[in-house]
Amino acid sequence: RSPWLARRRAAGSRRSASPAVALHGRMAVADDTPETAASTKREHVEEGLEGIDFTPIADKVVALKAVRSNGLSLEFASQALQGDREVVLAAVAQCGVALRCASEALRGDWEVVEAALAQAGAAALEHAAPALLGDRVGMGAAAERDAGALRWADDELREDPAFVGPIVTNSWWALQYAGEALRGDRTWVLPACRADGRLLRWVSPAMQADPNVVMAAVRSYGLALQSASFELRADYETVMAAVKSNGLALQFAAPELRDDREVVMEAILNNGKSFRYGSDRLHKDSSVMAVQGLAPGSFKKSKNEQAPPPEILRSPNGYIEYRRPRFWTWPIVLCASHAGSMVPTEIPDRTEGVLEPERELDTLVEEIWNEFGKSRVAAPPLISSKLHPMKMDPNTPRHLCCQAKNQAALEAWDAYHGWIAEALQRSVATFGFALLLDIGGQSYRRMVTEIGYIVDLDDFLLFDSVLDKSTRPTSVEALQRGAVRPAGGRPGGLSSLLRGAKSLGGLLESRNFRCTPSPATPEPAQAIPLFRARGKMASGTCSPEELAAVTYKHDGYTLRRYGAPATLTEEESPLSPAEQQALGGTVAAIQLVTSWLGVRNGIMERRLFGEHLCWAAETLLKEWVGWVMPADTRG
């Protein structure tokens, strides 16, 4: 939108006519075959790049006009202007993250950094000079403005109780950014959790397994039981203290305690809604039902806000959890492979692959599952890994999921995929098809949720008419070509399923959640930035920002194993060719890589995303397979 960038786009568009519109990113003409289109993409992009002037702007007047319209235009200024205080201040005032384009000297200037903080909050500190991140006074002031500044402070400050304490007192969630040693210091953690039990979520695993720390936390905040170790969630005294503080904490207790009459009665006396988390046996107990004003056995017919509790299965040591519904009402299976935080010493750390869980992914998955269960007889099955990804990654083939073929990790992997397979088979037997939603997260693409179908970036650059002719495998073959179809026919071809108005991305976008691919963002990465980044990656000069702009998580082992099993090697797949064909024709799999901002960063954001994902998934199934939830399965 800036005149500066418009000039560059115009320069590219003035080149001679081409069968591809390079700047729009679609590199094939309508009558190309997929094979022809694939072979000519790079040629067209290179031709398009030749017509664009990439010379940095050295005119200060032009630069000021551009950065006041779009602060990130500073990236295209000359080095001299990137070191000009007036230009940089104007850029960060419009977009605080533009600080990353400033000179090193100005990134170490508190006046410039404070201007960026005022516009973008703590996120701007990611690009500040390292020397500033150890400044106690400056970082303290930044943390008063936005507690998230603690994330970017240097290690010495993050381990200092005197520095961290006041920040956490005002914003409890900032404890997640404190140093590892401090979060494991019992002398500091115990009084902190006694004052605010919510802090238990961010302390070290050793502290989450400390009976005194956990007891102090649940007495302050009953729902902190969710963050306690598996052993303490099965401890009678700890759970009783939690439900006395908040009856809804019953949902986080071990199954045997949710079947304990005294614990459940105590929870109900505190909060009547906690009754739904009791065991199926207690739902038939006349004395317990009397407290609720219900007749024995009538619970499943009631109009509770949420579904009755599922049967909860756990693998040995609690590494994998399977919430098996008591009433099978959804042809959907939910799974989450990177939402765990358990770090058992018996499993060695991995050294490659995904090594960190995404922030608040576990709470997002919980909200999604809850929203699917609201006003319905039951939520869909949910299979989730409780292990930290650095211990075991179930979204990789078995032989790559852990370090040194650790037996405990391999058993957890087997349980994770065994329960997914069981849930999918049950869904196919009930409905004739199943939809697997694999919930993940990312923090590199701002406020955009990526939706993966094992379709790569190059294919999304094709025209819709060319993409519709493609015979390459996707993870949604069951929706596009499966035997179950709507009476009036499907709403379009492959392009409509992937990025049309009736695609999952299009439906979520209609509810104001930005997604890609979708009608508004049909290509997860545009052609010119994509091929520029590839060229720089080959030479080792690609910056993290350029790499993030063209990163798209379209692929995953879980997605391929269940949605496109024929794409796996013999070593990766335990299924026979006949089983692969049957699974591929009845199971569709979609990967949702959720954004931090707008989806996972707040309670309301997570709840709204869960609510609208529930609606979008139900609408997707109605449009593409003609499935409508029967009225008698709604709560």
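Note that this is a predicted model, so its numbers are computed, not measured. (Residues numbered from 1 in each chain as written. Predicted model: local features only at pLDDT ≥ 70, side-chain atom pairs only at ≥ 80, totals over all residues. Heavy atoms only, no water.)

**As for the nonpolar core**
Cut-off, in case you're wondering: By nonpolar core is meant a set of buried Ala, Val, Leu, Ile, Met, Phe, Trp, Tyr and Cys residues that side-chain atoms within 4.5 Å join together. Only protein chains enter the accessibility calculation, which uses a 1.4 Å probe; a residue whose area is less than 20% of its type maximum is buried, one above 50% is exposed, and one in between is partly exposed. Strands are runs of DSSP state E lasting at least 2 residues, helices are runs of H or I lasting at least 4, and numbering of each runs from the N terminus. Any two residues having at least one pair of non-hydrogen atoms within 4.5 Å are treated as being in contact.
Grouped together as the largest cluster of nonpolar side chains are 83 residues, with contacts concentrated most on Leu125, Met139 and Leu225. Counting residues per element, this core draws most heavily on helix H14 (residues 211–220), which supplies 6 residues. Among residues more than four places away in sequence, those in contact with Leu225 are Val218, Leu232, Arg233, Thr238, Val239, Ala242, Ala249, Phe252 and Ala253. Core analysis: the second largest hydrophobic core is formed by 60 residues, Leu361, Ile368, Leu461 and Leu498 among them.

**Description of helix H15 (residues 236–245)**
All of the buried residues along H15 are Thr238, Val239, Met240, Ala241, Ala242 and Val243. Of the surrounding secondary structure, the elements contacted by the buried residues of H15 are H14 and helix H16 (261–270).

**Points about unusual backbone geometry**
With omega at 0°, the peptide bond leading from Thr516 into Pro517 counts as cis. Examined against the element boundaries, Pro517 turns out to sit in the loop between strand E7 (515–516) and helix H25 (527–539). Look at Asn317: it is not a glycine, yet its phi comes out positive at around 70°. Looking at the secondary structure, you find Asn317 in the loop between strand E1 (311–314) and strand E2 (320–324). We classify Asn317 as partly exposed; its relative accessible area is 44%. Phi is positive for Ile454, close to 60°, though the residue is something other than glycine. Its place among the elements puts Ile454 in the loop between strand E6 (449–452) and helix H20 (457–460).

**Looking at H14**
Here is the rule we go by: Polar contacts here mean pairs of N or O atoms no more than 3.5 Å apart (in protein, one a potential hydrogen donor and the other a potential acceptor; neighbouring residues in sequence count only if both atoms are side-chain atoms).
Along H14, the residues classified as buried are Val213, Val214, Met215, Ala216, Ala217 and Val218. On its buried face, H14 is in contact with helix H12 (186–195), helix H13 (205–208) and H15. Of the residues that open H14, the one with a side-chain oxygen 2.9 Å from the backbone nitrogen of Asn212 is Asp210.

**Re the sheet that holds E1**
By definition, the strands of a sheet pair up through backbone hydrogen bonds, in either a parallel or an antiparallel sense. What counts, and what does not: For two strands to be treated as a pair, DSSP must find no fewer than two bridges joining them. Axis definition: a line fit to C-alpha positions, over the contact stretch in the case of helices; interaxial angles, taken between N-to-C directions, run 0 to 180 degrees.
Strand order in the open sheet formed by 8 strands is E1-E2-E4-E3-E5-E8-E6-E7, with mixed pairing between adjacent strands. The open sheet is flanked by E1 and E7, the only strands paired with a single partner. Of the pairings in the sheet, the one linking E2 to strand E4 (residues 382–385) comprises 4 bridges and is antiparallel in character. Its bridge partner being in E4, Arg323 is matched across the sheet by Leu382. Of the strands in this sheet, E2, strand E3 (332–336), E4, strand E5 (434–442) and strand E8 (587–595) touch helix H18 (residues 361–373), which is tilted by about 150° from E5. Together, E1, E2, E3, E4, E5 and E8 form the strand contacts of helix H19 (residues 407–431), whose direction differs from that of E2 by roughly 15°.

**Structural notes on the pairing of E8**
Among the 9 residues of E8, 9 are classified as buried, and the element is accordingly described as predominantly covered. Along E8, one buried face is formed by Val587, Ala589, Gln591, Val593 and Ser595 and the opposite face, lined by Ala588, Ile590, Leu592 and Thr594, is buried too. Strand direction decides the pairing type here: E5 and E8, joined by 9 bridges, are parallel. Within E8, the residue paired with Ala434 across the bridge is Val587. Bridge analysis of E6 against E8 gives 3 bridges, and the strand direction is antiparallel. Residue pairing in the sheet places Ile451 in a bridge with Leu592 of E8.

Functional significance is not addressed by these values, which are geometric in nature.
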